[in-house]
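# Structure assessment
Single-letter residue listing:
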Amino acid sequence: MALIIYDSAYGNTKRIAEAITETIGASARCILIDDIEKVNLNDDLLIVGCPINAWHPTPKIVEFLKSLSPSQLSGVSAASFDTRIDSIFSGNAARRIASGLKKAGAIMVAAPQAFYVKATAGPLADGEIEKAKEWARSLMKVMHNTHAVLAG
Ligand SMILES: Cc1cc2nc3c(=O)[nH]c(=O)nc-3n(C[C@H](O)[C@H](O)[C@H](O)COP(=O)(O)O)c2cc1C
């Protein structure tokens, strides 16, 4: 089972989160960070993504990461992404998300991933939905291989 948690102001990160969820398939579901209280964090794979806000994850995602206890995600595989403007001044929210997930004991199974918007309100840059699907397929491959190794 995979859980994708996202935040989104203008809908671009939501579109990326939904593309990832659809690609993983029936075993995946995505939720807006506002609904975090409704879920248990006991999925095999946890993916967290949000827009960059002043070089950081959004306040709600920061609050969520701070709320995690040190071993709350032990045994959970995780990955992070952000959406951003293509600039050298963008910052890196995905890396900060990964750091928060690791502090809670998660094992990161992919490098923090960026997806690009053309302007603050979007739209997404060309090809980013396909890139998100490809990224999701690569995560599934890693999960598949990990489980195959664990099963011997
Ligand atoms: C208050 C605010 C701060 C932002 N700061 C950054 C930033 O530091 N770096 C960056 O690349 N984009 C920044 N952006 C652009 C957002 O990343 C962009 O709006 C987002 O990717 C759109 O995703 P969404 O439609 O899911 O909200 C900022 C946007 C807002 C509204």
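Residues numbered from 1 in each chain as written. Predicted model: local features only at pLDDT ≥ 70, side-chain atom pairs only at ≥ 80, totals over all residues. Heavy atoms only, no water.

## With respect to the nonpolar core
Ranked by size, the top nonpolar core spans 22 residues in total, and within it Ile20, Ile24, Ile47, Phe81 and Trp135 carry the most contacts. When residues of this core are traced back to their parent elements, those giving at least two are β1 (2-6), α1 (12-24), β3 (45-51), β4 (77-85), β6 (113-117) and α4 (128-150). With residues near it in sequence (within four places) discarded, Trp135 still touches Ile20, Ile47, Ala79, Ser80, Phe81, Ala110, Ala111, Gln113 and Phe115. (Core = buried A, V, L, I, M, F, W, Y, C linked by side-chain atoms within 4.5 Å. Buried < 20%, exposed > 50% of the residue type's maximum accessible area, 1.4 Å probe, protein only. Helix = DSSP H or I, 4+ residues; strand = E, 2+ residues; numbered from the N terminus. Contact = heavy atoms within 4.5 Å.)

## Digging into the pattern of salt bridges
Enumeration according to the criterion identifies 9 salt bridges in this entry. Linking Lys14 and Glu18 is a salt bridge whose minimum nitrogen-to-oxygen distance equals 3.0 Å. Of the two residues, Lys14 and Glu18 both sit in helix α1, 4 residues apart, roughly one turn of that helix. Using a relative accessible area of 35% as the deciding quantity, one classes Lys14 as partly exposed. Residue class for Glu18 comes out partly exposed when judged on its relative accessible area of 29%. With a shortest N-O distance of 2.9 Å, Lys131 and Glu128 are connected by a salt bridge. (Salt bridge = Lys/Arg side-chain N within 4 Å of Asp/Glu carboxyl O.)

## Topic: the layout of surface pockets
Of the volumes computed, that of the largest pocket is approximately 330 Å³. The element that contributes the greatest number of residues to the lining of the largest pocket is β4, accounting for 3 residues. Among the residues making up the lining of the largest pocket, the classes are represented as 9 nonpolar, 9 polar and 2 charged. Considering only enclosed or pocket space, the second largest pocket measures out at about 290 Å³ in volume. If you go around the second largest pocket, you meet 13 residues; those closest to its centre are Leu65, Lys66, Arg96, Gly100 and Lys103. Secondary-structure elements contributing two or more residues to the lining of the second largest pocket are α2 (59-67) and α3 (93-103). Ranked by residues supplied to the lining of the second largest pocket, first place goes to α3 with 5 residues. Here the residues of the lining of the second largest pocket sort into 7 nonpolar, 3 polar and 3 charged. (1 Å grid on protein atoms, 1.4 Å probe; cavity = no way out; pocket = protein on both sides within 12 Å on 5 of 7 lines; lining within 4 Å. Points joined across faces, edges and corners; volume = space filled by probe spheres on them. Nonpolar A, V, L, I, M, F, W, Y, C, P; charged D, E, K, R; others polar.)

Note that all results are geometric; they support no functional claim without further evidence.
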